Amino acid sequence: MLTDLKVKVGPQFYRYNVGAIDFVPMLLQEFSAKNVLIVHGQVSFEKAKPFLSFLDEEAYNFSFLQYTGECSYYGAEQIEKVVKTNQIDFIIGVGGGKLADLVGYAAHRVNVNFGVIPTLASNCAPWTPLSVMYKESGESEGKSEHFLRQASFFITDPELVVDAPVNYFVAGLADTIAKWYESEAILQQDHLKNEPFLQLAGYTAALCKEAILNNSAKAIKDMQAGIVSEEFVHLSEIVFAVAGLVGGLGDKYARNAIAHAMHDGMSKYLPNSHDFLHGEKVAYGIFYQLAVEKKWEQIDALLPFYQELGLPMSLKQMQLFPEDEAVIDQIVAFIDSKEKVHLLPIPITKELLKESMNELENYLEKK
């Protein structure tokens, strides 16, 4: 029996269909909102405006704040100031993953309800009650802020999401497929495999994996053509919603492991990695975790998928492999410091983590 499992399933209300955003006023009424703060990006907000007819509602006082582009403690402080000055009682985030993270964390700090209207499908940030923190420079803080508050609503429209940059969607597919590769070995341990919520998390991770492997090519092609097809709708929904269920049901046992720890280490110690999207770094992290686990056959099985989607497979391919061995040691020490890494059923050591980085590079050079 687990005594430390925290199940945080997801937003209180979810809707993803053409015209869904028109439902927002009813939800604001449900939460007795009056003074509403819209936190938004720049380009994405311009694309979203035609879908935001609720901004014309006279029943609400709207304030607007353009965020800096990072989910940072500074950004949360800016939201907090506006909330206090304008007596805000509801926050809506319109934008991508970092913005969703920022709004969730800020709403937690100021104890105000919030909703999200994602403009792209690049990760499950709009679904999950945690925020990956960055500095304003783009450097990773190396930590996540976890909180109990879920979004009051998650609503968006596939006609808005299909207009986002395709590379963000591809990165989102990689970030999502990592759910299975990071959690599978953990959940199969004898003391965990009969836990009902962890079983649900495992089933959900497998659903994500199979759908992405089978339908990504069609969904990407349709997105490039601006077609809201069934494959695009289902996979975008899997990326920003269903994937969030994996960690929501499985907590630390299914949220992430080495692949995401490597992402965080790269973001902290390899400044040039900021040129790559979150999911692209996680894609490399999947291969790295499989190398640590010595699952070379799974790397071989994934290679055609990576090649088809143009995902990065090694640090040398990304031109990020550190020339200074001390940097490698820093990344390895950082990964080793993460509790989630040691949930895997193998003895994780700094020596193994370092050895696996070099083994992976050498293995892929021969492919």
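Up top is the structure.
Right, let's walk through the structure included here. For clarity, every value in this text was computed on a predicted model and none was experimentally measured.

Calculation notes
Residues numbered from 1 in each chain as written. Predicted model: local features only at pLDDT ≥ 70, side-chain atom pairs only at ≥ 80, totals over all residues. Heavy atoms only, no water. Pairing = 2+ DSSP bridges. Helix = DSSP H or I, 4+ residues; strand = E, 2+ residues; numbered from the N terminus. Axes fitted to C-alpha atoms, helices over the stretch in contact; angles between N-to-C directions. Contact = heavy atoms within 4.5 Å. Buried < 20%, exposed > 50% of the residue type's maximum accessible area, 1.4 Å probe, protein only. Lys, Arg positive; Asp, Glu negative; His and termini not counted. Salt bridge = Lys/Arg side-chain N within 4 Å of Asp/Glu carboxyl O. Right-handed = clockwise from strand over helix to strand, strands pointing away. 1 Å grid on protein atoms, 1.4 Å probe; cavity = no way out; pocket = protein on both sides within 12 Å on 5 of 7 lines; lining within 4 Å. Points joined across faces, edges and corners; volume = space filled by probe spheres on them. Nonpolar A, V, L, I, M, F, W, Y, C, P; charged D, E, K, R; others polar. Core = buried A, V, L, I, M, F, W, Y, C linked by side-chain atoms within 4.5 Å.

1. Some remarks on the sheet that holds strand β8 (residues 153-156)
Ordered in space as β1-β8-β5-β4-β2-β3, the 6 strands form an open sheet in which the pairing is parallel. Every other strand in the sheet has two partners, leaving β1 (14-16) and β3 (61-66) as the edge strands with one partner each. Here the strands of the sheet are splayed against their neighbours by 20° on average, with no regard to which way each runs. Alignment of strand β2 (residues 35-40) against strand β4 (residues 90-95), held across 5 bridges, turns out to be parallel. In the strand pairing of β4, Leu 37 is matched with Ile 91. On top of the sheet, helix α3 (residues 73-85) reaches β2, β3 and β4; it is set at about 160° to β2, its chief contact. Its contacts with the sheet place helix α8 (residues 230-250) against β1, β5 (113-118) and β8, and it is angled at close to 150° to β1.

2. Regarding the side chain of Lys 8
Mapped onto the elements of the fold, Lys 8 is located in the segment before β1. Of the buried charged residues, Lys 8 lacks a salt bridge, with Asp 251 as the closest side chain of opposite charge at 5.3 Å.

3. Here we look at the pairing of β4
The two faces of a sheet get side chains in turn, since along a regular strand they alternate between them. Counting buried residues in β4 gives 6 out of 6 residues, a clear majority hidden from the surface. Side chains Phe 90, Ile 92 and Val 94 of β4 all project onto a buried face; the interleaved residues Ile 91, Gly 93 and Gly 95 project onto the opposite face, where all are buried too. Tracing the backbone out of β4, into helix α4 (residues 97-110) and back to the parallel element β5 gives a crossover that is right-handed.

4. Observations regarding the layout of surface pockets
Its volume calculated, the second largest pocket comes out at about 180 Å³. Lining of the second largest pocket is provided by Trp 180, Ser 183, Glu 184, Leu 187, Gln 188, Leu 192, Lys 193, Leu 198, Gln 199, Gly 202, Tyr 203 and Ala 205. Those elements giving two or more residues to the lining of the second largest pocket turn out to be α6 (166-187) and α7 (196-224). Examining the composition of the lining of the second largest pocket, we find that 5 residues originate from one element, α7, more than from any other. Of the residues belonging to the lining of the second largest pocket, the class tally is 6 nonpolar, 4 polar and 2 charged.

5. Thoughts on empty space enclosed by the protein
In this structure the tally under the stated criterion is 1 cavity of 30 Å³ or more. What lines the largest cavity is a set of 16 residues, among which Ala 100, Gly 104, Phe 114, Ala 125 and Thr 128 lie closest to the centre. Contributions of two or more residues to the lining of the largest cavity are made by α4, β5 and β6 (130-134). Here the lining of the largest cavity takes 3 residues from α4, the largest share from any one element. When the residues that make up the lining of the largest cavity are grouped by side-chain class, the tally is 10 nonpolar, 4 polar and 2 charged.

6. Focus: the nonpolar core
Within soluble globular proteins, side chains that are nonpolar tend to cluster in buried spots. Grouped together as the largest cluster of nonpolar side chains are 111 residues, with contacts concentrated most on Ile 91, Phe 169 and Tyr 288. Ranked by residue count, the leading element in this core is α6, at 11 residues. In this view, Phe 169 contacts Ala 121, Ala 219, Ile 220, Met 223, Phe 232, Leu 235, Ser 236 and Val 239; residues no more than four positions away in its chain are not counted. Core analysis: the next-biggest nonpolar cluster, separate from the first, contains 21 residues, Leu 27, Leu 28, Ala 48 and Ile 155 among them.

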